[in-house]
There are 2 protein chains.
Amino acid sequence: MIPQPLQQLIEELCRFPGVGPKTAQRMAFFILSRPRKEAVSLARALVGAKDNLRFCTLCGSLTEADPCAYCTDSRRDRHTICVVQEARDLFAMERTGQYRGLYHVLHGALSPLDGVGPEELRIPDLAKRISEGQVKEIIIATNPNVEGEATAAYIARLCKPLKVKVTRIAFGLPVGGDLEYADDLTLGRALEGRQDM
Amino acid sequence: MIPQPLQQLIEELCRFPGVGPKTAQRMAFFILSRPRKEAVSLARALVGAKDNLRFCTLCGSLTEADPCAYCTDSRRDRHTICVVQEARDLFAMERTGQYRGLYHVLHGALSPLDGVGPEELRIPDLAKRISEGQVKEIIIATNPNVEGEATAAYIARLCKPLKVKVTRIAFGLPVGGDLEYADDLTLGRALEGRQDM
């Protein structure tokens, strides 16, 4: 007995990850309680994001202009490339404020069972960027899970003959974390990666 | 350094209740990962819900046609009116499948501190519906909190001289709940509302 336009909106909102029927209903009623121009503005932002964003042909990041602001920024260190799985990982790296080099977004991780091989992942583009000779270090920042590790290992092997330094971001205890509550694998990696002080 | 159309979308999504910047970013990336037509379809549903839904002039429920499907349904019991605070409460009542009467949506609850008095609440409309003489019972289903209780008490007092039976939905232990974990007030109300068996 829910009116059709409301039902439709609830169903559309349910597509979002982590949004179930109850949350979707709450969101739909929120939209109905706000002025029409807010609904229009959200609707425009949704379609606008789809229409105005593309992937940078050099690094694969999300951008309005191609090549992207990272690739064209002359103040960035062009000798270092940080390899990440997704565009959102790039924004996470940027938020640290500690990285001033270039990026390379793979758009996934190796996963043979899902039919994702190196050709599906912009890995050939990375090899091409390295072979142009300007790059001195590749920092691999793929996720610390099976696919991410496999991808990191693959890229490291690929880079060996190209005479480029390959590093992997460190794994260990999260800052502010508690030794007691760390899982065994993380603590093992923290021990393995110990540094002189 | 987040591209403007993406930033815009994240900000728009942040308006939703319970959606913070992290969730909004996750939702935005989800939209970007899906075909354009899905973004368009969500955008249409948002504006469509605003444009095609209005409040029924009789009962105040959300509807496409005025009067609404509840008010015009001849199979419903026209002698009973269930009073709820919001349109979403009406849908909750309907989901029980146990109520076949009419509704009256107040669009809020009495809250003198916020300047919400009976005139702001469609209470005069309720009095008018009762005075037409067909109604025999008013079931008050406002929320079990200070404002909801005050509103219930006000409506009960209003209905007294109009010779109509006024009932309040029961408060007590939620079905499947645990006596041990019930709060004192709820348990008190459950005791007070005990029934012969």
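Just so you know, these numbers come straight off a predicted model, no measurement behind them.

Caption draft 1: Broad picture of empty space enclosed by the protein. A complete count under the given rule lists two cavities of 30 Å³ or more for this structure. Taken as a whole, the largest cavity holds about 80 Å³ of empty space. Lining the largest cavity, in full, are A:Glu12, A:Arg15, A:Phe16, B:Phe30, B:Ile31, B:Arg34, B:Pro35, B:Glu38, B:Ala39 and B:Leu42. Looking at which element gives the most residues to the lining of the largest cavity, the answer is helix α3 (residues 36-52) of chain B, with three residues. In terms of residue class, the lining of the largest cavity is built from six nonpolar, no polar and four charged. Each pocket or cavity is described by its volume, and for the second largest cavity that value is around 60 Å³. Lining the second largest cavity, in full, are A:Phe30, A:Ile31, A:Arg34, A:Glu38, A:Leu42, B:Glu12, B:Arg15 and B:Phe16. Within the residue set of the lining of the second largest cavity, elements represented by two or more residues are α2 (21-33) and α3 (36-52) of chain A. Looking at the lining of the second largest cavity residue by residue, the classes come out as four nonpolar, no polar and four charged.

Caption draft 2: Seen up close, the sheet that holds strand β6 (residues 165-168) of chain B. Residue and element names in this part refer to chain B. On the basis of which strands lie adjacent, the open sheet formed by four strands has the order β4-β3-β5-β6 and parallel pairing. Only two strands of the sheet have a single partner each, and these edge strands are β4 (101-105) and β6. Going across the sheet, the axis of each strand differs from the next one's by a mean of 25°, ignoring polarity. The pairing of strand β5 (residues 137-140) with β6 spans four bridges and is parallel. Looking at the pairing, Ile139 lines up with Thr167 of β6. Contacting β3 (77-84), β4 and β5, helix α6 (residues 123-131) crosses the sheet at an angle of about 150° to β4. Together, β3, β5 and β6 form the strand contacts of helix α7 (residues 146-159), whose direction differs from that of β6 by roughly 165°.

Caption draft 3: Looking closely at the relation of the copies chain B and chain A. Least-squares fitting of chain B to chain A yields an RMSD of 0.0 Å, with the transformation described by 0.0 Å of translation along the axis and a rotation of 180°. Both copies of the chain, as the preceding transformation shows, are related through a two-fold rotation axis. Among all residues of chain B, the minimum C-alpha distance to the rotation axis is found for B:Ala43, at 2.0 Å.

Caption draft 4: Structural detail: the interface of chain B and chain A. The interface is formed by 50 residues belonging to chain B together with 50 residues belonging to chain A. In this assembly, chain B and chain A are joined by two salt bridges. Here A:Arg36 ties to B:Asp51 by a salt bridge, and the two come within 2.5 Å at their closest N and O atoms. Across the contact surface, chain B and chain A share eight residue pairs in polar contact (both at pLDDT 80 or more). For the side of chain B that touches chain A, the secondary-structure elements that each account for two or more residues are α1 (4-14), α2 (21-33), α3, β2 (62-63), α4 (69-72) and α5 (87-96) of chain B. No other element matches α3(B), which puts 15 residues into the side of chain B that touches chain A. Across the side of chain B that touches chain A, the residue classes tally to 29 nonpolar, eight polar and 13 charged.

Caption draft 5: Quick peek at the packing of α3(A) against α1(B). One can describe the packing of α3(A) onto α1(B) by two numbers: an axis separation of 9 Å at closest approach and a directional angle of 150°. Regarding α3(A) and α1(B), the two cross each other, and that crossing is left-handed. Along its contact with α3(A), which presents A:Glu38, A:Ser41, A:Leu42, A:Ala45, A:Leu46, A:Gly48, A:Ala49 and A:Asn52, the element α1(B) presents B:Pro5, B:Gln8, B:Leu9, B:Glu12 and B:Leu13.

Caption draft 6: Looking closely at the sheet that holds strand β6 (residues 165-168) of chain A. All names here are of chain A. One open sheet accounts for four strands, arranged β4-β3-β5-β6; its pairing is parallel. Two strands close off the open sheet at either side, each with one partner strand: β4 (101-105) and β6. Averaged over all pairs of adjacent strands, the angle between strand axes in this sheet comes to 25°, irrespective of strand direction. In this structure, strand β3 (residues 77-84) lies alongside strand β5 (residues 137-140), joined through four bridges in parallel fashion. Paired with Thr80 across the two strands is Glu137, which belongs to β5. Of the strands in this sheet, β3 and β4 touch helix α5 (residues 87-96), which is tilted by about 155° from β4.

Caption draft 7: Highlighting the domain arrangement of chain A. Structurally, chain A comprises domain 1 (4-52) and domain 2 (62-196). Between domain 1 of chain A and domain 2 of chain A, the C-alpha centre-to-centre distance is 35 Å.

Caption draft 8: Representation of α3(B) in the model. The end-to-end C-alpha distance of α3(B) is 24 Å, a good match for the 24 Å that 17 residues give at a rise of 1.5 Å each. Buried residues of α3(B): B:Glu38, B:Ala39, B:Val40, B:Leu42, B:Ala43, B:Ala45, B:Leu46, B:Val47, B:Gly48, B:Ala49 and B:Lys50, and no others. Turning to α3(B), the residues buried within the fold contact α1 (4-14), α2 and α3 of chain A together with α2 of chain B.

Caption draft 9: Spatial organisation of a nonpolar patch on the surface. A contiguous nonpolar surface patch, about 240 Å² in accessible area, is contributed by A:Leu173, A:Leu179 and A:Leu187. Overall, A:Leu187 belongs to the partly exposed group, its relative accessible area being 32%.

Caption draft 10: Highlighting the pattern of salt bridges. Residues and elements named next belong to chain A. Per the stated rule, a full pass over the model turns up 16 salt bridges over all chains. With a closest N to O distance of 3.3 Å, Arg15 and Glu12 form a salt bridge. With its nearest N and O atoms 2.7 Å apart, the salt bridge here joins Glu94 to Arg76. With a gap of 18 residues between them, Glu94 in helix α5 and Arg76 in the loop between α4 (69-72) and β3 connect regions that are remote in the sequence. One connected set of salt bridges, linked through shared partners, spans Glu149, Arg168 and Arg189.

Reading the values: the criteria
- Residues numbered from 1 in each chain as written.
- Chains lettered and ligands numbered in written order.
- Predicted model: local features only at pLDDT ≥ 70, side-chain atom pairs only at ≥ 80, totals over all residues.
- Heavy atoms only, no water.
- 1 Å grid on protein atoms, 1.4 Å probe; cavity = no way out; pocket = protein on both sides within 12 Å on 5 of 7 lines; lining within 4 Å.
- Points joined across faces, edges and corners; volume = space filled by probe spheres on them.
- Helix = DSSP H or I, 4+ residues; strand = E, 2+ residues; numbered from the N terminus.
- Nonpolar A, V, L, I, M, F, W, Y, C, P; charged D, E, K, R; others polar.
- Pairing = 2+ DSSP bridges.
- Axes fitted to C-alpha atoms, helices over the stretch in contact; angles between N-to-C directions.
- Contact = heavy atoms within 4.5 Å.
- Least-squares fit on C-alpha atoms with pLDDT ≥ 70 in both.
- Salt bridge = Lys/Arg side-chain N within 4 Å of Asp/Glu carboxyl O.
- Polar contact = N/O pair within 3.5 Å; in protein donor to acceptor, adjacent residues only side chain to side chain.
- Left-handed = near helix turned anticlockwise from the far one by under 90°.
- Domains from an automatic or database assignment.
- Expected span 1.5 Å × (residues − 1).
- Buried < 20%, exposed > 50% of the residue type's maximum accessible area, 1.4 Å probe, protein only.
- Patch = residues over 30% accessible without salt bridge, like charges linked within 9 Å, V, L, I, M, F, W, Y side chains within 5 Å.
- Areas by Shrake-Rupley, 256 points an atom, 1.4 Å probe, with all protein chains shown as cover.

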